[in-house]
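One-letter residues, chain by chain:
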Number of protein chains: 2
Amino acid sequence: MIGVWIEDGRVEVRSDLPDPTAADSEAVVAVKIAGVCGTDLALLDGYKSFRGIPGHEFVGVVEKGPPGWMGARVVADINVTCASYPPARDRCPSCGWGRETHCERRTILGISGRDGVFAEKVALPLANLYRVPVLMPDEVAVFVEPLAAAYRILEQVEITEATRVLVVGPGRLGQLVARVLAGTGARLKVAGRSEEGLERTRRAGITAVTLEEIDPGAFDVAVDCTGHPDGFGLARAAVRAAGTLVLKSTFPGRALIEVGSRAVDEITVVGSRCGPFRPALAALASGDVDVADLIDSAVPLPDAPRAFEHASRPGVAKVLLEI
Amino acid sequence: MIGVWIEDGRVEVRSDLPDPTAADSEAVVAVKIAGVCGTDLALLDGYKSFRGIPGHEFVGVVEKGPPGWMGARVVADINVTCASYPPARDRCPSCGWGRETHCERRTILGISGRDGVFAEKVALPLANLYRVPVLMPDEVAVFVEPLAAAYRILEQVEITEATRVLVVGPGRLGQLVARVLAGTGARLKVAGRSEEGLERTRRAGITAVTLEEIDPGAFDVAVDCTGHPDGFGLARAAVRAAGTLVLKSTFPGRALIEVGSRAVDEITVVGSRCGPFRPALAALASGDVDVADLIDSAVPLPDAPRAFEHASRPGVAKVLLEI
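Calculation rules
- Residues numbered from 1 in each chain as written.
- Chains lettered and ligands numbered in written order.
- Predicted model: local features only at pLDDT ≥ 70, side-chain atom pairs only at ≥ 80, totals over all residues.
- Heavy atoms only, no water.
- Core = buried A, V, L, I, M, F, W, Y, C linked by side-chain atoms within 4.5 Å.
- Buried < 20%, exposed > 50% of the residue type's maximum accessible area, 1.4 Å probe, protein only.
- Contact = heavy atoms within 4.5 Å.
- Axes fitted to C-alpha atoms, helices over the stretch in contact; angles between N-to-C directions.
- Helix = DSSP H or I, 4+ residues; strand = E, 2+ residues; numbered from the N terminus.
- Parallel < 35°, antiparallel > 145°, perpendicular 65-115°, else oblique.
- Left-handed = near helix turned anticlockwise from the far one by under 90°.
- Nonpolar A, V, L, I, M, F, W, Y, C, P; charged D, E, K, R; others polar.
- Phe/Tyr/Trp six-rings, centres within 6.5 Å; stacked < 30°, edge-to-face > 60°.
- Lys NZ or Arg CZ within 6 Å of the ring centre and 35° of its normal.
- Arc of directions from axis to C-beta.
- Salt bridge = Lys/Arg side-chain N within 4 Å of Asp/Glu carboxyl O.

Draft legend 1. Local environment of the nonpolar core. In this structure, B:Phe58, B:Phe118, B:Leu129, B:Phe308 and B:Leu321 are the most contacted members of the largest nonpolar core, which totals 46 residues. When neighbours within four sequence positions are excluded, B:Phe58 is seen to be in contact with B:Val29, B:Val31, B:Ile33, B:Ala34, B:Val74, B:Val75, B:Ala76, B:Leu109, B:Val117, B:Leu124, B:Ala141 and B:Val142. Within the second largest apolar cluster, 43 residues are counted, among which are A:Ile6, A:Leu41, A:Phe58 and A:Phe118.

Below, the structure written as structure tokens:
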């Protein structure tokens, strides 16, 4: 089959990849559309020593699996864990405690130990699949996975109508995070450098400001969606004493952080990664979260390297691969 | 009066200091005993550009104030805030929200903007004073303030009998933190480098291990009480995915932290500072927390510089100043 292949930091499109086979409790899914995510671009930059087919945001159709699943249009949770293969008698401690996304034996679709979705087909455990509502277009369903990651924040931090929230970074993930947080009625602002990103935020009815316009210490919660080490400091400066800073950025490298001042100011810093699929599916189905304006372009699979290059430019919205 | 004076990083004992005067809603307290804290030592090392009388842990007797307070033996909350001067009509936003320890106009006893307790007398708002139970010795009451800081953790993090907790740093603050956490019935260990500190921990009936014996990722909660930038990394490595790291250390300088991995592991980092006096007073009065073995020595006020030097050696327990 045709697919994207990463090895030693090089990307190529290959047509000699073997078709995936479905193990017990798995399905083979024909990928229809896949989304390019910041994590994919970080992988190309050496974020993890991944070798194989990248990609984890997608919508596809089950083409091999139990009769009840055949032909189903699906999206999928990207963490393949002890819980992905029932009956799960022998769970790792994390799964035993119900923290499946932190499974100690996990593989992650297109990120770690498991081929991803930038290819014609992908094998996935049935337990990871979610059916897509019939009326939801593919171009909407492909946003379920990143939108779920945005919903993760609401599982971790209490946000009410009184909460002053700042999202730093009006990029792909920042847009989704802002739209999810807007649904809480919170007093929300989005700050960033990219004029396109800020404009896109305003069109969604959300207040957008430049980095210079951030009021220091004026926010109860700040969410770093910049994907850049500097984002941490920007978000940190925006948070009031005893406030909460949510880290959504995953990037290689480290940041120099004033630890002492954080103890004094009693800031809580929360790392945040993958999230719940059901609220994401529901919000897209109901239209509570609209993603129509978040697509930059759709590119055929063989043009993937060009798509990656384009997606890595500042201000570019979601780039889709058509398989 | 006689007192310790810090200026431009130099410490001296002076006998020409003016007696403090009590403003409205304040009392003058004659200091009986004061404790030397890591923060005092950090101040001498240039942690803040404080000029004046340091010291914030103490027990004393009210010698000027309203009749109801005269002769009362007291300890005191170190944050002087909008709430310290009732009626507090004009509160800053932090105090308005009930976060008085983060008062935006606060002065802090012997740390910031207000003379401290390493002197014969100190002036303090009445609202900051707590009466000490009659039967509690001065040498116990002097631990109320640092013990309150240890109780702060229980306001911030849920700790049950099932929680695996590691305290890193068996020093002065670490001992108090460990004894408070032991009261929750949590599965508690204390790790450190100082043999004296570990031995002191074991004598309190708490499991103590060397830094090499810390099981990586085996703790739900880790509390950094090292007072050193390296402590953060040690505590971080001990915490499981989606676990909580509590920062008790206040020290100058910064630490290089892998931000990306923290988002991926969804670690929550909580800064923790001053805490509630009432549970600390109650635990010392009931004997639930015993501090008898935590005193290294008591030194007369004029020997304060020598006491500071001694207190800064590793493994040394609480050094008291007798005023």
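Draft legend 2. How the structure looks around the packing of helix H4 (residues 144–156) of chain B against helix H5 (residues 172–182) of chain B. All names here are of chain B. At a minimum axis separation of 9 Å, H4 and H5 run at an interaxial angle of 50°. Looking at the two axes, H4 sits oblique to H5. Pair H4 / H5 crosses with right-handed handedness. Along the contact surface, H4 presents Pro146, Leu147, Ala150, Tyr151, Ile153 and Leu154, while H5 presents Leu173, Leu176, Val177, Val180 and Leu181. Here the contact of H4 with H5 is built from residues that sort into 11 nonpolar, no polar and no charged.

Draft legend 3. Seen up close, the packing of aromatic side chains. Residue and element names in this part refer to chain B. For the structure on display, the rule yields four aromatic pairs over all chains. On the basis of an interplanar angle of 35° and a centroid distance of 5.7 Å, the ring pair of Phe118 and Phe308 is categorised as tilted. In this pair, Phe118 sits in the loop between strand S8 (113–114) and strand S9 (121–125) while Phe308 sits in helix H10 (residues 304–311), placing the two residues 190 residues apart along the sequence. The class for Phe118 is buried, based on a relative accessible area of 0%. Ring centres of Tyr130 and Phe277 lie 4.9 Å apart, and the angle between their planes is 25°; on these two criteria the pair is classed as stacked. Taken as a pair, Tyr130 in strand S10 (residues 129–131) and Phe277 in helix H9 (residues 277–286) lie far apart in primary sequence, 147 residues in all. Here Tyr130 and Phe277 have matching classes, each one buried. Over the aromatic face of Trp69 sits the side chain of Arg131, whose NZ or CZ is 4.3 Å from the ring centroid.

Draft legend 4. Representation of helix H6 (residues 195–203) of chain A within the structure. Residues and elements named next belong to chain A. Here H6 has its buried residues at Gly197, Leu198, Arg200 and Thr201. Projected down its long axis, H6 shows its buried positions confined to an angular sector of 160°, all on one face. Packing partners of the buried residues in H6 comprise helix H5 (172–182), strand S12 (187–192) and strand S13 (207–210). With its phi angle positive at about 80°, Gly205 sits one or two positions after the end of H6.

Draft legend 5. Structural context of the pattern of salt bridges. Under the criterion given, the structure shown has 38 salt bridges over all chains. A salt bridge links A:Arg51 to A:Glu7, with the shortest nitrogen-to-oxygen separation between them at 3.2 Å. In this pair, A:Arg51 sits in the loop between helix H1 (38–44) and strand S4 (57–64) while A:Glu7 sits in strand S1 (residues 3–7), placing the two residues 44 residues apart along the sequence. A residue is classified by how much of its surface remains accessible, and A:Glu7, at 23% relative accessible area, is partly exposed. Residues B:Arg152 and B:Glu155 are paired through a salt bridge, measuring 2.7 Å at the closest nitrogen-oxygen approach.

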